[in-house]
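The residues making up each chain are set out below.
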Amino acid sequence: MTAGFTTCDLYDADGTLQSCSVQFQDLGARPVFTGPVQTIRCHRDNGLVKQVLNSPGHGAVLVVDGGGSLESALLGDLIAGAAVRNGWSGVVIHGAIRDRAVVRTLDLGVKALGSNPRKSAKDGAGEVDIPIEFGGVTFTPGATLWADEDGILVTP
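In this text the structure is predicted, and so the values were computed from the model without any measurement. Within every chain, residues take consecutive numbers counted from 1 along the sequence as written. Local features in this predicted model are restricted to residues of pLDDT 70 or higher, and side-chain atom pairs are both shown and tallied only at a pLDDT of 80 or more, whereas totals for entire chains, interfaces and linings draw on every residue. Only heavy atoms go into the side-chain values, all of them from the structure, while hydrogens and water stay out.

Chemist: Whenever I open this one, the pairing of strand 5 (residues 90-97) confuses me. Can you help?
Modeler: Along any regular strand, the residues point their side chains to alternate faces of the sheet. For each residue, the accessible area found with a 1.4 Å probe, counting protein chains only, is set against the maximum for its type, and the residue is called buried under 20%, exposed over 50%, and partly exposed in between. Only DSSP runs of H or I with at least four residues qualify as helices, and only runs of E with at least two residues qualify as strands; both kinds are numbered from the N terminus onward. Counted residue by residue, strand 5 has eight buried out of eight residues, so it is predominantly covered. Examined bridge by bridge, strand 4 (residues 61-65) and strand 5 share five bridges and lie parallel to one another. The residue of strand 5 that forms the bridge with Val61 is Gly90. For the crossover that starts at strand 4, traverses helix 3 (residues 77-85) and ends in the parallel strand 5, the hand is right-handed. Two strands pair if DSSP finds at least two bridges between them. In this structure, strand 5 lies alongside strand 6 (residues 109-115), joined through six bridges in parallel fashion. From the neighbouring strand, Val91 faces strand 6, where its bridge partner is Val110. When the strands point away from the viewer, a crossover counts as right-handed if the path from the first strand over the helix to the second runs clockwise.

Chemist: Which parts of the structure should I look at to understand the layout of surface pockets?
Modeler: Empty space left among the atoms is revealed by rolling a probe the size of a water molecule over them. The rule is simple: put a 1 Å grid over the protein atoms alone, call a set of points where a 1.4 Å probe fits but cannot get out a cavity, call an open set with protein on both sides within 12 Å along at least five of seven lines a pocket, and count a residue as lining if it has an atom within 4 Å of a point. Grid points are joined across faces, edges and corners, and a volume is the space filled by probe spheres set on the points. Of the volumes computed, that of the largest pocket is approximately 220 Å³. Lining the largest pocket are 14 residues, with Asn46, Gly76, Leu78, Ile79 and Lys122 sitting closest to its centre. Taken together, the residues of the lining of the largest pocket sort by class into five nonpolar, three polar and six charged. When residues are sorted by character, Ala, Val, Leu, Ile, Met, Phe, Trp, Tyr, Cys and Pro go into the nonpolar class, Asp, Glu, Lys and Arg into the charged class, and all the rest, Gly among them, into the polar class.

Chemist: Any chance you could explain helix 3 here in plain terms?
Modeler: An α-helical turn contains 3.6 residues, so a residue and the one three or four places further along point in the same direction. Turning to helix 3, its buried residues are Ile79, Ala80, Gly81, Ala82 and Ala83. Here a residue-residue contact requires only that any non-hydrogen atoms of the pair lie within 4.5 Å. Those residues of helix 3 that are buried are in contact with helix 2 (47-53) and helix 4 (100-103).

Chemist: What exactly am I supposed to notice about the side chain of Thr7 here?
Modeler: Tracing the backbone through its elements, the reader meets Thr7 in helix 1 (residues 7-13). N or O atoms within 3.5 Å of each other form a polar contact, as long as, within protein, one can give a hydrogen and the other can take it, and as long as residues adjacent in sequence are counted only when both atoms are side-chain atoms. A polar side-chain atom of Thr7 sits 2.7 Å from a polar atom in the side chain of Asp148. Those residues within four positions of Thr7 in sequence are excluded, and the remaining contacts are Trp146, Ala147, Asp148, Asp150, Gly151 and Leu153.

Chemist: Mind showing me how you'd approach the pairing of strand 11 (residues 151-154) here?
Modeler: Burial of strand 11 is two-sided: the residues Gly151 and Leu153 facing one way and the residues Ile152 and Val154 facing the other way are all buried. Sheet analysis places strand 1 (residues 18-19) next to strand 11, joined by two bridges and oriented antiparallel. The residue bridging Gln18 from the neighbouring strand is Val154, located in strand 11. Here strand 10 (residues 144-148) folds back onto strand 11 in antiparallel fashion, the turn holding two residues.

Chemist: What's the story with the packing of aromatic side chains in this structure? I'm lost.
Modeler: For any pair of aromatic rings, the description consists of the separation of the ring centres together with the inter-plane angle of the planes. Pairing of aromatic rings covers Phe, Tyr and Trp, the last through its six-membered ring, and needs centres within 6.5 Å; plane angles under 30 degrees mean stacked, over 60 mean edge-to-face, and all others mean tilted. If you walk through the whole model with that rule in mind, you get two aromatic pairs. Centroid distance Phe24 to Phe134: 6.1 Å. Interplanar angle 70 degrees. Geometry classified as edge-to-face. Of this pair, Phe24 sits in the loop between strand 1 and strand 2 (25-26) while Phe134 is found in strand 8 (residues 132-134), placing the two residues 110 residues apart along the sequence.

Chemist: Where do I start with the environment of Ile152 in this structure?
Modeler: In this structure, Ile152 sits in strand 11. On the basis of relative accessible area, Ile152 is assigned to the buried category, the value being 4%. Remark: the alpha-carbon pair of Ile152 and Ser19, spanning 133 residues in sequence, is separated by 5.9 Å. Discounting chain neighbours no more than four positions away, the residues touching Ile152 are Gln18, Ser19, Cys20, Phe24, Val92, Lys111, Phe139, Leu145, Trp146 and Ala147.

On their own, these measurements won't tell you what the molecule is for.
Here it is, written out as structure tokens:
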């Protein structure tokens, strides 16, 4: 996917866009990505993340509110690989990932707070397709998200 935008130019053109203040790390091979938002809220359990990213993404961006926890990873190489195969544009994890060396080679936008080799539970606890908030932004399913090296913008 070719980007054709910068978040700085988008914000300058439309000051109503929400700008996420969380300082995410760029961890995938695609630092610039955009798409409609899908959401998950979960804590130290990536069962729903695996389920959703193993379904057709149609260019969407999965935003996962892991509560900012760095205690265990919510995404690893196998789930990220599934996201690529299923046509997801990117994943934003308000939490940790693992398998950084492999994830950085995958054609997927991945923004996360950091990494931890500890895997998470796989019980599927959490909520899907609900509004979630962090970094001064409300991520609403169906909103449009743009991400690049400067940050994340979302339609209000």
